[in-house]
Amino acid sequence: MKITAVEPFLLHVPVTGGSIADSTHVVTHWGMPGCRILTDTDLVGYGYTGTHASLALDKLLTSCITEVYGPLLLGEDPREIQALHQKLLHDPPTHWVGRAGITQMALSAVDLALWDIKAKAAAEPLWCLLGGSPEKNVEAYNTDCGWLDRAQGKLVDDCRRMVEEEGFAAVKMKVGKSDPNEDLARVEAVRKGIGPKPRLMVDANAKWDMATALEFGPRLAEFDVTWLEEPLWHDDVTGHAQLAKEIEIPLALGESLYNLDQFREFVLAEAVHCLQPDASRCGGITGLWEIADLGRTYDLPVSPHHGDMMQAQIHAVIAHSACVQLEFIPWTLHCFEEPVSIQDGFYQLPESPGASTTLTCEALEKYSVLS
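Note that the structure is predicted; figures quoted are calculated from it, not measured. Residue positions within a chain follow its written sequence, with the count starting from 1. Since the coordinates come from a predicted model, pLDDT governs what is reported: local features require at least 70, and pairs of side-chain atoms require 80 or more to be given and counted, while whole-chain, interface and lining totals use all residues. Hydrogens and waters are ignored; side-chain quantities use all the structure's heavy atoms.

1. Side note on the packing of helix α6 (residues 152–164) against helix α7 (residues 180–194)
And then number 1: Each axis is a line fitted through C-alpha atoms, taken for helices only over the stretch in contact, and angles between the N-to-C directions span 0 to 180 degrees. Helix and strand assignments come from DSSP, with helices taken as H or I runs of at least 4 residues and strands as E runs of at least 2, each series counted from the N terminus. Put simply, α6 and α7 touch, their axes get as near as 9 Å, and they point 35 degrees apart. Where α6 crosses over α7, the two elements pack in a sense that is right-handed. Touching Gln152, Leu155, Val156, Cys159, Arg160, Val163 and Glu164 of α6 are Ala185, Arg186, Ala189, Val190, Gly193 and Ile194, all from α7.
And then number 2: Of the residues in the contact of α6 with α7, the class split is eight nonpolar, two polar and three charged. Crossing handedness follows the turn of the near helix against the far one: under a right angle anticlockwise gives a left-handed crossing, and clockwise gives a right-handed one. By definition in these notes, contact holds between two residues if any of their heavy atoms fall within 4.5 Å. Charged means Asp, Glu, Lys or Arg here, nonpolar means Ala, Val, Leu, Ile, Met, Phe, Trp, Tyr, Cys or Pro, and polar covers whatever is left, Gly included.

Structure below.
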């Protein structure tokens, strides 16, 4: 089997309710820059990354995919993923212009498409190809109920509904208000609303400085918070290590890290308790697997971020022993031929061959912004 073409696509899909916000971003659409990898058979692989739908930045991603990586893929066997991953990392001098960001996200999209082809060629869902067991139950935690721009009453109602009506055993809410005391009041209200049993995660999206984190982080323990996510700037290894020693709430992070080396720095500094890689940013399934291996080595749980809207990552979570759960945000599920599904708070096993990344023709036509 040989690769014959790498075709870009770029979708901007509206988010739930028209707009959401955390402490640092307002998002109206989820961007999906990616590619279809065609072969000399009838097999086609789909891969993409996830963005906040900036057309100019997204076009840099599709350009990197097709103009930098595309020529290196032509004529190659798409099933030789490890070799191709190394080729794309080292043959173009992308390490001179960035070992994170655009080049790594573009590589992630390509890697997902290659795994999609390999699983389709094996006539198996990717989780099976990766050695996963159908007996593993993967819990979903819901973030789409916890946005910072929601009034407190709606925030509480949405979180309660996810627990009582949708069956989620864990929800995540955002903090990062200008007055952290308001954050604490909202956390307290959500905890009272959902009751003592469901787990509650809190995410600052790197908004707090050290003084704020040291003052307000310990107070989250009053509300039985499972983890405090990205309290400080994404790359601040020293700060997170200091904070981890000062407060009892576990720290989670990783959605803004792009490779194994960055994760290793946090782990060795004892600056993180739960790893949150994102296959659409950290090198695809290949990169995610390496980071999950790191988690297993240091006995740290792995709970991936939602950037691919769970489609391919659910396969890796099922298959890797260090992966314990997967974030759930449903914005783009209607775009896929086999969207992920939840029952009683748990992901259902994907059944179709591939990585579950195949987009519908309707989605490609309706949401495309690539001219």
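2. Re the sheet that holds strand β5 (residues 44–48)
And then number 1: Strands qualify as paired when DSSP identifies two bridges or more between them. Here we have three strands laid out as an open sheet, ordered β1-β4-β5, and antiparallel in their pairing. Looking at the sheet topology across the chains shown, the edges are occupied by β1 (3–14) and β5. Taking the axes of each pair of neighbouring strands and ignoring which way they run, one obtains an average angle of 20 degrees across the sheet.
And then number 2: Sheet strands touched by helix α1 (residues 55–73): β1 and β4 (29–39). Its angle to β1, the strand with the most contacts, is close to 165 degrees.
And then number 3: Lying on the sheet, helix α4 (residues 102–121) is in contact with β1, β4 and β5; it crosses β5 at an angle near 150 degrees.

3. Observations regarding the state of the cysteines
And then number 1: Here, the term disulfide refers to a pair of cysteine sulfur atoms separated by no more than 2.5 Å. Taken as a whole, this structure holds zero disulfides when the rule is applied.
And then number 2: The structure places no disulfide on Cys64, whose sulfur is separated from the nearest cysteine sulfur, that of Cys35, by 11 Å.
And then number 3: With a relative accessible area of 8%, Cys64 lands in the buried category.
And then number 4: Cysteine Cys282 shares no disulfide, and the gap to the nearest cysteine sulfur, in Cys323, comes to 10 Å. Only protein chains enter the area calculation, which uses a 1.4 Å probe; residues under 20% of their type maximum are buried, those over 50% are exposed, and those in between are partly exposed.

4. Quick word on the nonpolar core
The nonpolar side chains of a soluble globular protein tend to be buried with one another.
And then number 1: Of all hydrophobic cores here, the largest spans 116 residues; its most connected members are Ile37, Val110, Val187, Ile285 and Tyr347.
And then number 2: Examining the composition of this core, we find that 11 residues originate from one element, α4, more than from any other.
And then number 3: Excluding residues within four positions of it along the chain, Ile37 makes contact with Ile3, Ala5, Val6, Leu43, Val44, Gly45, Leu73, Val110, Ala113, Leu114 and Ile117.
And then number 4: Within this scheme, the nonpolar core is defined by two criteria: the residues are buried Ala, Val, Leu, Ile, Met, Phe, Trp, Tyr or Cys, and they are joined through side-chain atoms within 4.5 Å. If you look at the next biggest cluster of nonpolar residues, it comprises six residues, including Tyr141, Ala170, Trp227 and Cys274.

5. As for the pattern of salt bridges
And then number 1: One speaks of a salt bridge when a side-chain nitrogen belonging to Lys or Arg is within 4 Å of a carboxyl oxygen belonging to Asp or Glu. This structure, assessed with the given rule, holds 17 salt bridges.
And then number 2: For Arg281, the salt bridge goes to Asp278, with nearest N and O atoms at 3.9 Å. No difference in accessibility class separates Arg281 from Asp278, as the two residues are buried.
And then number 3: Here the salt bridges do not stand alone but share partners, grouping Lys172, Lys174, Asp203, Glu229 and Glu327 into one network.

6. Let's talk about the pairing of strand β9 (residues 225–229)
And then number 1: Counting buried positions over the five residues of β9 gives four, a clear majority of the element.
And then number 2: Relative to β9, strand β8 (residues 199–203) runs parallel, the two sharing three bridges. Each residue of the ladder has a partner; that of Asp203, found in β9, is Glu229.
And then number 3: Handedness is read with the strands pointing away from the viewer; a crossover is right-handed when the path from the first strand over the helix to the second is clockwise. For the crossover that starts at β8, traverses helix α8 (residues 210–216) and ends in the parallel β9, the hand is right-handed.

7. What to know about the environment of Trp233
And then number 1: For Trp233, the location among the structural elements is in the loop between β9 and α9 (237–246).
And then number 2: Once the C-alpha coordinates of Trp233 and Ser63 are considered, the two residues, 170 residues apart in sequence, prove to be 29 Å apart.
And then number 3: Excluding anything up to four places from it in sequence, Trp233 contacts Ala206 and His240.

8. Quick look at the packing of aromatic side chains
And then number 1: Working definition: a ring pair exists when centres of Phe, Tyr or Trp rings (six-membered ring for Trp) sit within 6.5 Å. Plane angles under 30 degrees give stacked, over 60 give edge-to-face, the rest tilted. Applying the stated rule across the entire model yields six aromatic pairs.
And then number 2: Their ring planes at 40 degrees and their centres at 5.7 Å tell us that Tyr48 and Phe336 sit as a pair that is tilted. Placement of the pair is Tyr48 in strand β5 and Phe336 in the loop between β12 (325–328) and β13 (342–343), with a sequence separation of 288 residues. The two residues Tyr48 and Phe336 agree in class, both being buried.
And then number 3: Between Phe328 and Tyr347, the aromatic rings sit 6.3 Å apart at their centres with planes inclined by 65 degrees, giving edge-to-face as the arrangement. Linking Phe328 in strand β12 with Tyr347 in strand β14 (residues 346–347), this pair joins segments that are 19 residues apart in sequence. The burial state of Phe328 is the same as that of Tyr347; both residues are buried.
And then number 4: Aromatic ring contacts, followed pair by pair, group Trp30, Trp147 and Trp331 into a single cluster.

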